[in-house]
Amino acid sequence: FGRMKPVIVVHGGAGRIFKEREEGSRAGVVRAALRGYGILKQGGSALDAVEEAVRSMEDDPHFNAGCGSVLNEKGEVEMDAIIMDGKNLDSGAVSAVKCIANPIKLARLVMEKTKHMLLTDHGAHLFAQAMGIPETPGEKLITERSRERWKKNLEPDSNPEEFQKDLGTVGAVAIDREGNVACATSTGGLSNKLIGRVGDTACIGSGGYADNCSGATSTTGHGESIMKVVLARLILYHMEQGMSPEMAADTALDYMKTRVGGLGGVIVVNNSGEWAARFSTKQMSWATVKDDQLHYGIYAGERHTKSVDEAHASESEGY
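Residues numbered from 1 in each chain as written. Predicted model: local features only at pLDDT ≥ 70, side-chain atom pairs only at ≥ 80, totals over all residues. Heavy atoms only, no water.

As for the UniProt feature "active site" (unreviewed entry) in the protein
Inference 1: UniProt tags Thr169 as "active site" (unreviewed entry).
Inference 2: For Thr169, the position within the fold is in the loop between strand 5 (166-167) and strand 6 (170-175). (UniProt positions renumbered as here; feature names shortened; annotations may be inferred. Helix = DSSP H or I, 4+ residues; strand = E, 2+ residues; numbered from the N terminus.)

Considering the sheet that holds strand 10 (residues 264-270)
Inference 1: With antiparallel pairing, the 4 strands of this open sheet are ordered in space as 8-9-10-11. Edge positions in the open sheet fall to strand 8 (208-211) and strand 11 (275-279), since each of these has one partner strand only. Strand-to-strand twist in this sheet, taken as the mean axis angle between neighbours without regard to direction, amounts to 10 degrees.
Inference 2: Where strand 9 (residues 215-221) and strand 10 come together, 7 bridges link them in antiparallel fashion. By the bridge assignment for strand 10, Thr219 is matched with Val266. (Pairing = 2+ DSSP bridges. Axes fitted to C-alpha atoms, helices over the stretch in contact; angles between N-to-C directions.)

Overview of the environment of Thr169
Inference 1: Given the relative accessible area of 5%, Thr169 is considered buried.
Inference 2: Spatially, the C-alpha atoms of Thr169 and Leu194 are 18 Å apart, while their sequence positions differ by 25 residues.
Inference 3: The contact partners of Thr169, leaving out residues within four places of it in the chain, are His11, Gly12, Gly13, Asn64, Thr185, Ser186, Thr187, Thr201, Thr219 and Thr220. (Buried < 20%, exposed > 50% of the residue type's maximum accessible area, 1.4 Å probe, protein only. Contact = heavy atoms within 4.5 Å.)

Here's the deal with helix 11 (residues 308-315)
Every α-helical turn comprises 3.6 residues, leaving residues that sit three or four positions apart pointing alike.
Inference 1: Along helix 11, the residues classified as buried are Val308, Ala311 and Ser314. Down the axis, helix 11 shows its buried residues gathered within 130 degrees of arc, on one side only.
Inference 2: Where helix 11 is buried, its residues touch helix 1 (19-41), strand 12 (283-290), strand 13 (293-299) and strand 14 (304-307). (Arc of directions from axis to C-beta.)

Here's the deal with the pattern of salt bridges
Inference 1: Within the structure shown, the criterion is met by 20 salt bridges.
Inference 2: Here Glu302 and Arg26 are joined by a salt bridge, their closest N and O atoms 2.8 Å apart. In this pair, Glu302 sits in the loop between strand 13 and strand 14 while Arg26 sits in helix 1, placing the two residues 276 residues apart along the sequence.
Inference 3: Exposure remark for Glu302: the relative accessible area of 14% places this residue in the buried category.
Inference 4: Between Glu240 and Arg233 there is a salt bridge, with its nearest N and O atoms 3.1 Å apart.
Inference 5: Accessibility expressed as a relative area gives 27% for Arg233, which makes it partly exposed. (Salt bridge = Lys/Arg side-chain N within 4 Å of Asp/Glu carboxyl O.)

Looking at helix 9 (residues 231-240)
Inference 1: By the criterion of burial, helix 9 is predominantly enclosed, with 7 of the 10 residues buried.
Inference 2: All buried positions along helix 9 are accounted for by Leu231, Ala232, Leu234, Ile235, Leu236, His238 and Met239.
Inference 3: Along its buried surface, helix 9 packs onto strand 8, strand 9, helix 8 (223-229), helix 10 (245-260) and strand 10.

A look at a nonpolar patch on the surface
Inference 1: On the surface, a nonpolar cluster with roughly 250 Å² of combined accessible area is contributed by Met117, Leu118 and Ile204.
Inference 2: A relative accessible area of 45% places Leu118 in the partly exposed class. (Patch = residues over 30% accessible without salt bridge, like charges linked within 9 Å, V, L, I, M, F, W, Y side chains within 5 Å. Areas by Shrake-Rupley, 256 points an atom, 1.4 Å probe, with all protein chains shown as cover.)

Regarding the UniProt feature "binding site: substrate" (unreviewed entry) in the protein
Inference 1: If you check UniProt for "binding site: substrate" (unreviewed entry), the listed places come out as Arg197, Val198, Gly199, Asp200, Thr220, Gly221, His222 and Gly223 in our numbering.
Inference 2: Note that Val198 resides in the loop between strand 7 (181-187) and strand 8.
Inference 3: For Gly221, the position within the fold is in strand 9.

Details of the nonpolar core
Inference 1: Ile8, Val10, Ile83, Leu106, Ala287 and Val289 are the most contacted members of the largest nonpolar core, which has 51 residues in total.
Inference 2: Not counting residues up to four positions away in its chain, the partners in contact with Ile8 are Ala33, Gly36, Tyr37, Leu40, Ala49, Ala53, Val173, Ala174, Ala287, Thr288 and Val289. (Core = buried A, V, L, I, M, F, W, Y, C linked by side-chain atoms within 4.5 Å.)

Section: the environment of Ser56
Inference 1: As for its position among the elements, Ser56 is in helix 2 (residues 46-58).
Inference 2: Once the C-alpha coordinates of Ser56 and Val170 are considered, the two residues, 114 residues apart in sequence, prove to be 9.8 Å apart.
Inference 3: Apart from residues no more than four positions distant in its own chain, Ser56 is found in contact with Arg31, Ala32 and Arg35.

Focus: the pairing of strand 12
Inference 1: The buried count for strand 12 comes to 7 of 8 residues, which makes it a mostly enclosed element.
Inference 2: Pairing between strand 1 (residues 7-15) and strand 12: 7 bridges, direction antiparallel. Bridging from a neighbouring strand, His11 pairs with Trp286 of strand 12.
Inference 3: Both strand 12 and strand 13 contribute to a ladder of 6 bridges, which runs antiparallel. Pairing of Trp286 across the sheet is with Gly297, part of strand 13.

This is the structure:
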């Protein structure tokens, strides 16, 4: 065994989480964190842990990723995802993919089975077929809520910006026993976005970044703003300069807000296992497990703590 204590941190998106969805969001991030931690606890890799945590949230209709993704202007789901290995800076990403349940799985395959880092749209689709990934009818990924929102945004007097406030993206970062870090991020993007729009999620350094030399981070929020400041890499840069994860996250989010007026949230773990979950939006659902203690919250300053055993016991009862 290595010497590190494993840590996982997950987020379910920054923005405004409507009251009636709070419970589901909390339960969803907690479930994802516990699943990822289970892998780490058994000596599994950070890479497997973040992929599993994100997959769990893609399958949960509460989040804007996989099933439950928002719709583009044409009423279709187009998803982006990225995964990165801090050991050798290998990364895989997909953008504008349709009709698959778990874009994060496909991103992992791009990383491991091709010489490339990012496959898009039709090419990503062909690659998924070649890898034997089953096709999920687009309809299956669309929830009633996503369709309702899409319709609302089509009304002449609608303001899609208003609805962008609950910008769901899901993500995870982890450090395993060997001291390797990894990140994974997945999203359905912006509601009523132009066809072919790709946000920060699929872009290395923006939607996520992982480097054993400093740590790993996954971001959520206004994609175009995140891309302008290359938010994920900026946070790691601050940590390389000696800042704690929390300080680095706050400094970078503050810069994004003052420089380009963008709001968002981030989760961070550094290479010694310190973590942070910070956001400049009203809310961000997040959860983390370290030392067999689960912490989770949605509002600024909110932090619940349970033992992992307690959390597994109450999983069946909800939160």
